[in-house]
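Overview (structure and organization)
These are the residues of each chain, in order.
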Amino acid sequence: MNNEAGVTKIDGEVVAALPNTMFRVKLSDGRVILTTLRGKMRKNYIRIFPGDRVQVEMTQYDTERGRIVYKY
């Protein structure tokens, strides 16, 4: 887990792919959150499937939503 300027990065696993490039991700601490793709990942057509390990970026203000920033 990394914390820089109010942004927390944490690893997780994609549980479900939802419409409009939204995903349910189970974080390493056990929480399940709703995420979307980061702009660069969407622009470069990075494919995400259930079961993929990803890195999620979250703000301190909304711990129920996040942004997928990296696919392992």
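Owing to the predicted nature of the structure, the values given are computational and were not obtained by experimental measurement. Per chain, residues are indexed from 1 in the order of the written sequence. Since the coordinates come from a predicted model, pLDDT governs what is reported: local features require at least 70, and pairs of side-chain atoms require 80 or more to be given and counted, while whole-chain, interface and lining totals use all residues. Side-chain numbers come from the whole structure's heavy atoms, not from hydrogens or water.

This part is about the overall build of the protein chain. Counting its secondary structure elements, the protein chain contains one helix and six strands. Each helix corresponds to a stretch of at least 4 residues labelled H or I by DSSP, and each strand to a stretch of at least 2 residues labelled E; elements are numbered beginning at the N terminus. The helix and strand sequence of the protein chain, counted from the amino end, reads β-β-β-β-α-β-β. Expected size for 72 residues packed as a compact globule is a radius of gyration near 11 Å; at 11 Å, the protein chain falls within 12% of this value. Counting only C-alpha atoms and orienting by the principal axes, one finds that the protein chain spans roughly 30 × 25 × 20 Å. Note on contacts: a residue pair is in contact if any heavy atoms of the two residues lie within 4.5 Å. Across the protein chain, the fraction of contacts at a sequence separation of at least 24, relative to all contacts at a separation of at least 6, is 47%. Here, Shrake-Rupley sampling with a 1.4 Å probe gives the accessible areas, and only protein chains in the shown set may cover a residue. About 4,800 Å² of surface is accessible on the protein chain, with carbon and sulfur atoms providing 49% of the total. For the protein chain, the distance from the average position of its 13 positive side-chain charges to the average position of its 8 negative side-chain charges is 7 Å. When we talk radius of gyration, it's over C-alpha atoms, and the globule rule is simply 2.2 Å times the number of residues to the 0.38. When charges are tallied, Lys and Arg are placed among the positive residues and Asp and Glu among the negative ones, while His and the ends of the chain are skipped. A charge is said to be at NZ when it belongs to Lys, at CZ for Arg, at CG for Asp and at CD for Glu.

Salt bridge, as used here: a side-chain nitrogen of Lys or Arg that lies within 4 Å of a carboxyl oxygen of Asp or Glu. One pass over the structure, following the stated rule, counts three salt bridges. For Glu57, the salt bridge identified is with Arg67, shortest N-O distance 2.4 Å. With Glu57 in strand β5 (residues 53-59) and Arg67 in strand β6 (residues 65-71), the pair connects residues that are ten residues apart, well separated along the chain.

It is worth spelling out unusual backbone geometry at this point. Residue Asn20 is not a glycine yet carries a positive backbone phi of 60°. Mapped onto the fold, Asn20 is located in the loop between β2 (7-18) and β3 (22-27). For Asn20, a relative accessible area of 68% translates into the label exposed. Phi at Thr21 takes a positive value of approximately 50°, unusual for a residue other than glycine. For Thr21, the location among the structural elements is in the loop between β2 and β3. Buried residues are those whose accessible area, probed at 1.4 Å on protein chains only, stays under 20% of the maximum for their type, while exposed residues exceed 50% and partly exposed ones sit between those limits. Judged by relative accessible area, Thr21 falls into the partly exposed class, the value being 30%.

Any functional reading would require information beyond the geometric quantities listed.
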